[in-house]
Amino acid sequence: MSETMVRRIGLSLGADLCWVISYEEILRRLNLNIPTPNGSIRFETDRVTIEPFEIHQPCKYDVVVDRLNHWYHTSREWIKKAILMDDLYVLNNPWSIQSMEKHTTYCAMAKLGMPIPRTWLIPPKAYEPQPDLQVTLERYAKFFDLAAIGDQLGYPSYLKPYDGGAWRGVSRIDNSDGLKAAYDSSGKSLMHLQKGIDGFDLFVRCIGLGPQFHIVKYDPTAALHDRYTMSRDFVTPEEAQLLRDMTMTINSFFGWEFNSCEAIRKDGQWHLIDFANACPDSQVTSLHFHFPWLVIANLKWSLFLAATKKKFRKTLDWDPYYKVLEDKSNFSERLTGYAAIGHERMATAEFQEFCDRHLPHIDQIAFDFFHSDQAKHAIKLKVATLFPAHEVDSFTELFFERVKAWYR
Ligand SMILES: Nc1ncnc2c1ncn2[C@@H]1O[C@H](COP(=O)(O)OP(=O)(O)OP(=O)(O)O)[C@@H](O)[C@H]1O
Ligand SMILES: [Mg+2]
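All values derive from a computational prediction rather than experimental measurement. (Residues numbered from 1 in each chain as written. Chains lettered and ligands numbered in written order. Predicted model: local features only at pLDDT ≥ 70, side-chain atom pairs only at ≥ 80, totals over all residues.)

A. Expanded view of the overall build of the protein. The number of helices and strands found in the protein is 16 helices and 13 strands. For the protein, whose C-alpha radius of gyration is 23 Å, the value lies close to the compact-globule estimate of 22 Å for 408 residues. Taking all 408 residues of the protein together, the buried fraction comes to 38%. (Helix = DSSP H or I, 4+ residues; strand = E, 2+ residues; numbered from the N terminus. Rg over C-alpha atoms; globule rule 2.2 N^0.38 Å. Buried ≥ 20, exposed ≤ 12 C-beta atoms within 10 Å, placed from the backbone.)

Here's what the structure looks like:
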């Protein structure tokens, strides 16, 4: 007897709007019915609601694409419960998001030989009052010479939070007076002081979604809606491979299947400055031209996970990476080895086969959607939440044109 199985994908969301509507609508238009030996698999998706839960309560989802758990604790605990109790697969590993700040990622990747700028961690300027604070600091906190650290690192440098995001508290430092002023106003934040890579000729963000990677030329000096540039062909095939392998290493190491890596090229050398971004910007208002790539990559990966019931890796298991570090002597061989672990963990070959066999029509369906009034309306909804009323129509038009330009 033939059996129809339903796989459920939950979208755990905050302010996201446009990619969600695009994802849901393209999935609806795909109208998938994937044959299995005993029947077929269909897919349902809905938006995860926030409510009290008991730990034995079943979870109806096979896969959750999560956009909340880096800051919203109820969702994070629900996701952790569902992984442990119900074998949920989630993007991204919630324990790793909770515990791996930017600083940990610098340390871990520096150890693997990745090009990370020299980085100091500086104790905070101010503290939350705590009963044992005074005695701890009096006994053990050493007076330090911040200017000496700054001079040793050289200028420019960047003072930025150890757990940063959204450019909060990031200052470019040009001399010791500037360093003192920035540190004095850093409050209770634990800060990095990082060597600045000045005079670079290229800045990129490499976005990873499962084993799919997309490299965008990034302009940090532009207005928000122009930072993701529409340039093409700005890296050589060898550089693209290097960036993909570095991002795959980072993402598989930390269990982040949706993450982006910021890299700067200076004098032909790449430097990784920020790659703890496990909830990457997904808004059409930032990504515009690149938005179709993101929505399609997200669909492909989550459908593959749901259809194959891929087992979620609960623990990170770093030993294989350290084995590669030990066994190989040069960075290029090591990187190939690290990335191979990632491809194995993310089942790249199986994923490719799944897409070829079951999703050959996804690009055409996405094309039709992204040229539709429905897509334009979804863009407008997002624009209306961020732009003043008199700019909504013109920015909607701009982003819609850029989305369509992706296909030209
Ligand atoms: N070492 C560095 N060398 C050169 N520029 C840097 C360096 N560190 C930070 N910057 C600049 O400061 C910006 C913000 O720094 P960073 O990316 O570390 O912070 P963030 O708060 O995580 O930002 P986001 O949320 O946009 O990723 C970078 O995009 C880059 O322009
Ligand atoms: Mg950054």
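B. Main features of the domain arrangement of the protein. Examined at the domain level, the protein breaks down into domain 1 (3-99) and domain 2 (118-195). The straight-line distance from the C-alpha centre of domain 1 to that of domain 2 is 39 Å. (Domains from an automatic or database assignment.)

C. Representation of the site of ligand 1 within the structure. Near ligand 1 lie 19 residues; those nearest to it are Tyr158, Gly164, Ile197, Pro220 and Asp274. Of all the elements in the fold, those that place two or more residues in the shell around ligand 1 are strand E7 (157-161), strand E9 (191-195), strand E12 (258-266) and strand E13 (269-274). Among the residues forming the shell around ligand 1, the class breakdown is nine nonpolar, five polar and five charged. (Near = placed C-beta within 6 Å. Nonpolar A, V, L, I, M, F, W, Y, C, P; charged D, E, K, R; others polar.)

D. Representation of the pairing of strand E1 (residues 3-12). In this sheet, strand E3 (residues 39-47) lies alongside E1 in parallel orientation, the contact comprising nine bridges. Bridge assignment links Arg7 to a residue of E3, and that residue is Phe43. In the sheet, E1 pairs with strand E4 (residues 63-66) via four bridges, with the strands oriented parallel. Across the sheet, Gly10 pairs through a bridge with Val64, a residue of E4. (Pairing = 2+ DSSP bridges.)

E. How the structure looks around the sheet that holds strand E2 (residues 34-36). Pairing in this open sheet of five strands is mixed, and the strands run E2-E3-E1-E4-E5 from one edge to the other. At either end of the open sheet lies a strand with only one pairing partner, and these are E2 and strand E5 (89-91). Strand-to-strand twist across the sheet, computed as the mean angle between neighbouring axes with direction ignored, equals 25°. Most of the contacts of helix H2 (residues 73-86) go to E4, to which it runs at about 155°, and overall it touches E1, E4 and E5. (Axes fitted to C-alpha atoms, helices over the stretch in contact; angles between N-to-C directions. Contact = placed C-beta atoms within 7 Å.)

F. Representation of the sheet that holds strand E8 (residues 171-173) within the structure. Pairing is antiparallel in the open sheet, where four strands are placed in the order E6-E9-E7-E8. Looking along the sheet, the strands with just one partner apiece sit at the ends: strand E6 (119-122) and E8. Sheet twist, expressed as the mean angle between neighbouring strand axes with direction ignored, is 25°. Across the sheet, helix H7 (residues 176-184) touches E6, E7, E8 and E9, and the angle it forms with E8 is around 155°.

G. Structural context of the nonpolar core. Formed by 90 residues in total, the largest nonpolar core has its most connected members in Val63, Val64, Val204, Cys206, Leu272, Val295 and Ile379. Considering each element in turn, this core owes the most residues, 11 residues, to helix H10 (residues 291-308). With sequence-adjacent residues up to four places away left out, Cys206 is seen in contact with Phe213, Ile215, Leu243, Arg244, Thr247, Ser260, Cys261 and Ala263. Leu153, Tyr183, Met191 and Leu193 belong to the second largest nonpolar core, which has nine residues in total. (Core = buried A, V, L, I, M, F, W, Y, C linked by C-beta atoms within 7 Å.)

H. Structural context of the pairing of E4. Both faces of E4 are covered, namely the face carrying Val63 and Val65 and the face carrying Val64 and Asp66. Across three bridges, E4 lies against E5 in parallel orientation. Residue Val64 lies in a different strand from E5, and its bridge partner there is Val90. Regarding the hand of the β-α-β motif, the stretch spanning E4, H2 and E5 is right-handed. (Right-handed = clockwise from strand over helix to strand, strands pointing away.)

I. Looking closely at unusual backbone geometry. Asn92 follows Leu91 through a cis peptide bond whose omega is 10°. Secondary-structure assignment places Asn92 in the loop between E5 and helix H3 (94-99).

J. Fine view of the packing of helix H15 (residues 373-386) against helix H16 (residues 392-405). Direction vectors running N to C along H15 and H16 enclose 130°, while the axes themselves pass 9 Å from each other. In terms of orientation, H15 and H16 fall into the oblique class. As H15 runs across H16, the sense of the crossing is right-handed. Between H15 and H16, the residues in contact are Ala375, Lys376, Ile379, Lys380, Val383 and Ala384 and Val392, Phe395, Thr396, Phe399, Phe400 and Val403, respectively. Of the residues contributing to the contact of H15 with H16, the split by class is nine nonpolar, one polar and two charged. (Parallel < 35°, antiparallel > 145°, perpendicular 65-115°, else oblique. Left-handed = near helix turned anticlockwise from the far one by under 90°.)

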